[in-house]
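Topology and contacts: notes
This is what each chain is made of:
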Amino acid sequence: MAKIKYHFNAKSLTFEKAKVTIKDRIIKLLGYLATGVAFSSLVMLVAYNFFDSPKEKKLKREIDQYEFQYKLLNDRMNKVQAVITDLQHRDDNIYRTVFEADPIPSSVRKAGFGGSERYEELKGFDNTELITETTKKLDQITSQLYVQSKSFDEVWNMARNKSQMMNSIPAIVPIRNGANKIVSGFGRRFHPLLKTLHFHTGIDITSPRGTPIYASGDGTVVEIKGMSGYGNVVVIDHGFGYQTLYAHMSKKAVKSGQKVKRGECIGYVGSTGMSTAPHLHYEVIKNGTKINPINFFFKDLSPQEYENVIESAGKVNQALS
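This report concerns the structure included in the present document.

Now for the overall build of the chain. Within the chain, the secondary structure is distributed over six helices and 14 strands. Within the span of the chain, comprising 321 residues, buried residues form 31% of the whole. Across the chain, contacts joining residues at least 24 apart in sequence account for 64% of those joining residues at least 6 apart. With an accessible surface of roughly 20700 Å², the chain has 59% of that area assigned to carbon and sulfur atoms.

In structure tokens form, the structure reads like this:
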């Protein structure tokens, strides 16, 4: 039963029954609604800022778990990176050294991945730095593994060709018993005509005119042009970056393009070109650079003989050419 309201009439000094208009009812209703909305808003504001909903709690637990897993993933990738670094070290300093291959440059092994735009889509999150660093590390590992895989493919091919390489690399003295006949070695020597020190790019092995000269490794005779002062000369391309040169021959026994085997006669000792006496001027060339031939007599000499040859070839004397 609705309550009946009265109000006091000051003029008549009596209580009169209050009349409630529609307007009064609407204002009262709006007041209730406003109070309810304000209270609800306050409750929701407090709830959203100080209390998590079950769904939010679940999402936060998932985010915490993702962050934890990212950190574990980073730790595991650091261990993988350490293994890759060890493989790279072994590859450059052991495997590739055995097959006389150049190490892979660091710039190739650690190639970059473009600009910062690559990871632009990862920005704007609470854990942006962690996610970006993890993605970068994974990209780097992927790239390094690819380079290392290609390097192992190359090493594998070199290993398959090891027998051919060992037969091709210069390994013997090109004149029989020539180790005892070396009169001038690699390095600064007196020029036979100018009588001044100049760099002697090979070794001189003295021997009678007509003594056979042998190929020091398997290879192909290459065409020679413009070798002034060398007289009759034969150059053999052994592959794997090696060439050998035989100068001052009295006569050549091979032609350009001919394939030869180690120990095969390729010409005869003479004194053609700028030569003061019959001898063989012998050079070893690796990747375009002339190097000391003494280091390539390992198949012919005992350790003691090798030491004697090094001592003899190391003396600063007059070259024959």
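Residues Ile213, Val234, Ile236, Tyr246 and Ile266 are the most contacted members of the largest nonpolar core, which totals 30 residues. Among the secondary structure elements, those contributing two or more residues to this core are helix H4 (128–160), strand S6 (203–206), strand S9 (232–239), strand S10 (242–252), strand S12 (265–269) and strand S13 (279–286). Here isoleucine 236 is in contact with Ala215, Gly219, Thr220, Val221, Tyr242, Gln243, Thr244, Tyr246, Val260 and Ile266, once residues within four sequence places are set aside. With five residues, the next largest nonpolar core counts Val233, Val235, Leu245 and Ala247 among its residues.

The next thing to look at is unusual backbone geometry. Residue phenylalanine 240 is not a glycine yet carries a positive backbone phi of 60°. Mapped onto the secondary structure, phenylalanine 240 falls in the loop between S9 and S10. Here phenylalanine 240 falls in the partly exposed class, since its relative accessible area comes to 36%. You will see that asparagine 287, though not glycine, has its phi angle at about 50°, which is positive. As for its position among the elements, asparagine 287 is in the loop between S13 and strand S14 (289–291). Given the relative accessible area of 54%, asparagine 287 is considered exposed.

On to the packing of aromatic side chains. In the structure shown here, the tally under the stated rule is four aromatic pairs. Considering the side-chain rings of phenylalanine 186 and phenylalanine 199, the 5.1 Å spacing of their centres and the 90° angle between planes classify their relative orientation as edge-to-face. Here phenylalanine 186, found in the loop between strand S3 (182–184) and strand S4 (187–190), pairs with phenylalanine 199, found in strand S5 (residues 197–200); they are 13 residues apart in sequence, far enough to count as distant. Geometrically, the ring pair formed by tyrosine 242 and phenylalanine 296 is edge-to-face, given 5.8 Å between the ring centres and 75° between the ring planes. Of this pair, tyrosine 242 sits in strand S10 while phenylalanine 296 sits in the loop between S14 and helix H6 (303–313), and the two are 54 residues apart along the sequence. Tyrosine 242 sits in the buried class, given a relative accessible area of 3%.

Turning to a positive patch on the surface, a few remarks are in order. A contiguous patch of positive charge on the surface is contributed by Lys55, Lys57, Lys58 and Arg61. Here lysine 55 lies in helix H2 (residues 54–98).

Per the stated rule, a full pass over the model turns up seven salt bridges. A salt bridge links arginine 90 to aspartate 86, with the nearest nitrogen and oxygen atoms 2.9 Å apart. Of this pair, arginine 90 and aspartate 86 both sit in helix H2, separated by four residues, roughly a single helical turn. The partly exposed category is assigned to arginine 90, whose relative accessible area is 36%. A salt bridge links arginine 96 to glutamate 154, with the nearest nitrogen and oxygen atoms 3.3 Å apart. With arginine 96 in helix H2 and glutamate 154 in helix H4, this residue pair connects regions lying 58 residues apart in the sequence. In this structure arginine 96 comes out as buried when scored by relative accessible area, which is 4%. Since its relative accessible area comes to 37%, glutamate 154 is described here as partly exposed.

This part covers a nonpolar patch on the surface. Together, Ile22, Ile26, Leu29, Leu30 and Leu33 give the surface a local cluster of nonpolar side chains, amounting to about 520 Å² of exposed area. Position of leucine 29 among the secondary structure elements: in helix H1 (residues 22–50).

Rules of the game
Residues numbered from 1 in each chain as written. Predicted model: local features only at pLDDT ≥ 70, side-chain atom pairs only at ≥ 80, totals over all residues. Heavy atoms only, no water. Helix = DSSP H or I, 4+ residues; strand = E, 2+ residues; numbered from the N terminus. Buried < 20%, exposed > 50% of the residue type's maximum accessible area, 1.4 Å probe, protein only. Contact = heavy atoms within 4.5 Å. Areas by Shrake-Rupley, 256 points an atom, 1.4 Å probe, with all protein chains shown as cover. Core = buried A, V, L, I, M, F, W, Y, C linked by side-chain atoms within 4.5 Å. Phe/Tyr/Trp six-rings, centres within 6.5 Å; stacked < 30°, edge-to-face > 60°. Patch = residues over 30% accessible without salt bridge, like charges linked within 9 Å, V, L, I, M, F, W, Y side chains within 5 Å. Salt bridge = Lys/Arg side-chain N within 4 Å of Asp/Glu carboxyl O. Lys, Arg positive; Asp, Glu negative; His and termini not counted. Charge placed at Lys NZ, Arg CZ, Asp CG, Glu CD.

Geometric values such as these leave the question of function open.
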